[in-house]
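# Remarks on the overall topology
Residues per chain, in single letters:
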Number of protein chains: 4
Amino acid sequence: MPISSHQAHTAIDGAESKAREMGLPVVVAVLDAGAHLKAFRRMDGAVLASIDIAIRKASTAVLFQANSEAVWEYCKPGAPAPGLELTNGGLAPFGGGIPLKSPDGQVIGALGVSGGTVAQDVEVAQAGFAAFKALTR
Amino acid sequence: MPISSHQAHTAIDGAESKAREMGLPVVVAVLDAGAHLKAFRRMDGAVLASIDIAIRKASTAVLFQANSEAVWEYCKPGAPAPGLELTNGGLAPFGGGIPLKSPDGQVIGALGVSGGTVAQDVEVAQAGFAAFKALTR
Amino acid sequence: MPISSHQAHTAIDGAESKAREMGLPVVVAVLDAGAHLKAFRRMDGAVLASIDIAIRKASTAVLFQANSEAVWEYCKPGAPAPGLELTNGGLAPFGGGIPLKSPDGQVIGALGVSGGTVAQDVEVAQAGFAAFKALTR
Amino acid sequence: MPISSHQAHTAIDGAESKAREMGLPVVVAVLDAGAHLKAFRRMDGAVLASIDIAIRKASTAVLFQANSEAVWEYCKPGAPAPGLELTNGGLAPFGGGIPLKSPDGQVIGALGVSGGTVAQDVEVAQAGFAAFKALTR
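Worth saying up front: this structure is predicted, and the values here are computed from it rather than measured. (Residues numbered from 1 in each chain as written. Chains lettered and ligands numbered in written order. Predicted model: local features only at pLDDT ≥ 70, side-chain atom pairs only at ≥ 80, totals over all residues. Heavy atoms only, no water.)

If you tally the helices and strands in chain A, you get four helices and four strands. When contacts within chain A are restricted to residue pairs at least 6 apart in sequence, long-range pairs at least 24 apart make up 63% of them. Carbon and sulfur atoms make up 55% of the accessible area of chain A, which totals about 5,500 Å². (Helix = DSSP H or I, 4+ residues; strand = E, 2+ residues; numbered from the N terminus. Contact = heavy atoms within 4.5 Å. Areas by Shrake-Rupley, 256 points an atom, 1.4 Å probe, with all protein chains shown as cover.)

With that settled, consider the relation of the copies chain A and chain D. With an axial shift of 0.0 Å and an RMSD of 0.1 Å, the rotation relating chain A to chain D amounts to 92°. On this basis, the relationship between the two copies can be described by a four-fold rotation axis. Proximity to the rotation axis, assessed at the C-alpha, singles out A:Leu86 in chain A; its C-alpha lies 5.4 Å from the axis. (Least-squares fit on C-alpha atoms with pLDDT ≥ 70 in both.)

Let's shift gears to empty space enclosed by the protein. Empty space left among the atoms is revealed by rolling a probe the size of a water molecule over them. By the definition in use, this model includes one cavity of 30 Å³ or more. Each pocket or cavity is described by its volume, and for the largest cavity that value is around 50 Å³. Every residue along the wall of the largest cavity is listed here: A:His9, A:Ile12, A:Ala39, A:Phe40, A:Arg41, B:His9, B:Ile12, B:Ala39, B:Phe40 and B:Arg41. Secondary-structure elements contributing two or more residues to the lining of the largest cavity are α1 (5-21) and β2 (37-42) of chain A together with α1 (5-22) and β2 (37-42) of chain B. (1 Å grid on protein atoms, 1.4 Å probe; cavity = no way out; pocket = protein on both sides within 12 Å on 5 of 7 lines; lining within 4 Å. Points joined across faces, edges and corners; volume = space filled by probe spheres on them.)

Let's shift gears to the sheet that holds strand β2 (residues 37-42) of chain D. If you trace the eight strands from one edge of the open sheet to the other, you get β3(C)-β4(C)-β1(C)-β2(C)-β2(D)-β1(D)-β4(D)-β3(D), paired in antiparallel fashion. Each edge of the open sheet carries a strand with a single partner, namely β3 (97-101) of chain C together with β3 (97-101) of chain D. Across the sheet, the mean angle separating the axes of adjacent strands is 20° when strand polarity is ignored. Alignment of strand β2 (residues 37-42) of chain C against β2(D), held across three bridges, turns out to be antiparallel. Within β2(D), the residue paired with C:Arg41 across the bridge is D:Ala39. Relative to the sheet, helix α1 (residues 5-21) of chain D contacts β2 of chain C together with β1 (27-32), β2 and β4 (107-114) of chain D, its axis offset from that of β2(D) by approximately 25°. (Pairing = 2+ DSSP bridges. Axes fitted to C-alpha atoms, helices over the stretch in contact; angles between N-to-C directions.)

Attention shifts here to the pairing of β2(B). The two faces of the sheet receive side chains in turn, since in a regular strand these alternate between them. Residue and element names in this part refer to chain B. The buried fraction of β2 is high, at six of six residues. Inspection of the sheet shows strand β1 (residues 27-32) paired to β2 by five bridges, in the antiparallel sense. Directly across from Val28, in β2, lies its bridge partner Arg41. Between β1 and the antiparallel strand that follows it, β2, lie four residues; Ala35 among them carries a positive phi value of about 70°. (Buried < 20%, exposed > 50% of the residue type's maximum accessible area, 1.4 Å probe, protein only.)

Our focus in this paragraph is the relation of the copies chain A and chain B. Its rotation angle being 179°, the transformation that places chain A on chain B also includes 0.1 Å of axial translation and leaves an RMSD of 0.1 Å. Such a turn and shift between the copies fits a two-fold axis. Of the C-alpha atoms belonging to chain A, the one lying closest to the rotation axis is found on A:Phe40, 2.4 Å away.

Residue and element names in this part refer to chain B. The terminal C-alpha atoms of helix α2 (residues 49-64), which comprises 16 residues, lie 23 Å apart, in line with the 22 Å expected from a rise of 1.5 Å per residue. Listed as buried for α2 are Ser50, Ile51, Ala54, Lys57, Ala58, Ser59, Thr60, Ala61, Val62, Leu63 and Phe64. One or two steps after α2, the chain reaches Gln65, where phi turns positive at roughly 50°. (Expected span 1.5 Å × (residues − 1).)

With that out of the way, let us pick up the interface of chain A and chain B. Each partner contributes to the interface: chain A provides 16 residues, whereas chain B provides 16 residues. The contact between chain A and chain B buries some 1,400 Å² in all, and 47% of this surface belongs to carbon and sulfur atoms. When residues of chain A are sorted by the area they lose upon contact with chain B, A:Leu37, A:Lys38 and A:Arg42 head the list and together hold 38% of the total. Counting across the interface, chain A meets chain B through four salt bridges. Our enumeration of links across chain A and chain B arrives at 15 residue pairs in polar contact (both at pLDDT 80 or more). Those elements that place two or more of their residues in the side of chain A that touches chain B are α1 and β2 of chain A. The element contributing the most residues to the side of chain A that touches chain B is β2(A), with six residues. (Buried area = accessible area lost by both parts, 1.4 Å probe. Salt bridge = Lys/Arg side-chain N within 4 Å of Asp/Glu carboxyl O. Polar contact = N/O pair within 3.5 Å; in protein donor to acceptor, adjacent residues only side chain to side chain.)

This part is about the environment of A:Arg41. With respect to the helices and strands, the residue A:Arg41 is situated in strand β2. Measuring from C-alpha to C-alpha, the distance between A:Arg41 and A:Leu100 comes to 17 Å, with 59 residues separating the pair along the chain. With residues up to four places along the chain from it excluded, the contact list for A:Arg41 reads A:His9, A:Ile12, A:Asp13, A:Glu16, A:Val26, A:Val27, A:Val28, B:His9 and B:Lys38. Reaching out from A:Arg41, the side chain makes a polar contact with the side chain of A:Asp13 at a distance of 2.8 Å.

What follows is the structure in structure tokens.
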């Protein structure tokens, strides 16, 4: 089953609601399992740079089927895959991208958030992920 | 005033509601005045090709401050600007992209629709435009 | 001798002054002999699409050492170089790009204008060219 | 209000005048709020590499609504966003890019300078910024 609009919007709503609570304008992007854009929202006041970063975090998460920051473990100084971050058109190997899975564990897409500090983006992304998760439970 | 999330979502809701009535899965994209993505929705079942096409129609509309199909008048065979469609990273000079203006006539963004025939995309885009227009009246 | 800032600005001033007389907001770009940007002006009110088009017309003119529209003769339907317009990152083979030459006939750059109809752009570009020419006489 | 040609040229004049005083040929670029080129000048003798660098510094500043060097704090070794500099087509997270704001604090564009050492570029950019600021006071 591909990710549905309903699932994508639920994830974005969850993220946006947390961002609003934090007073933080963010960009939230949801990609499908093929890393193609499914839904996207840029809150009023979010910086333009976050458009690309949110999409790229989600892309990193879906391409590696892992949280975006996990990819950094493979390409950080001293790790065995230097330059990995230059592949796939450029990765965003830092927090804010989370894979979205169906109940049977298949990756059906990913969520990417950008707009605040990395820690804030992660918090917002986790809220979006939780809203998505609640749906499929 | 930049285009707001509220305006962008109202336009997308209007388009999606018409598309649903027509039984047509489409992609709807809203860009701001600088051709940056503001909001995006891909309905379940829309073909992947429509992601790029919808965004490109909206981009064509905002870059030229005209309906996307109007640009074809300048680059169609025999017209004075052959190859115009190759500029700006590649245009989509056919129907489905409409500029969005503030009450004072300023272009604040554009709407792009793709998923059906060009005539269907235009019909869906016009419904989105009408919903946006009703807001700013 | 590479094109100087003084020459580039004189060309742009000449073009802009004609455009203002015509009430037409345009973009004017001057490239050097290597097709690198030397000077650029976007008049208030010019459409965003014209940024890329003006630069591309100038690029077409300097790459072929010919007026931009002359290139169309080689790639128009039935001509011997179909697809020529797809080379060099995409040409703009229509009027508005003019090579700039030193008194000894060397191409030292080009001027590109976009913002109106092709005929208007040519008129503005010719005014810029005339101002440049007057300098080197 | 979008950035005007008058504002853009005043910023460039301010920067160029300081650069001339320092005997330093530089490139100065001004982008609008959507990161689109508004005005550009390459002084005689400036290296070609500075064309891309000046535009990229301005782009970094407008996309993040911050001085270009501030972005480095997020992506330098040990910082939480490794690879951030690979986003948005490649950033220039070092000094010489400064956002330009309207009196009400809205970012209406940015100025980017390249040609000397980073410290020199910053000095030139600040002179351009001061000239712009004097206008809007």
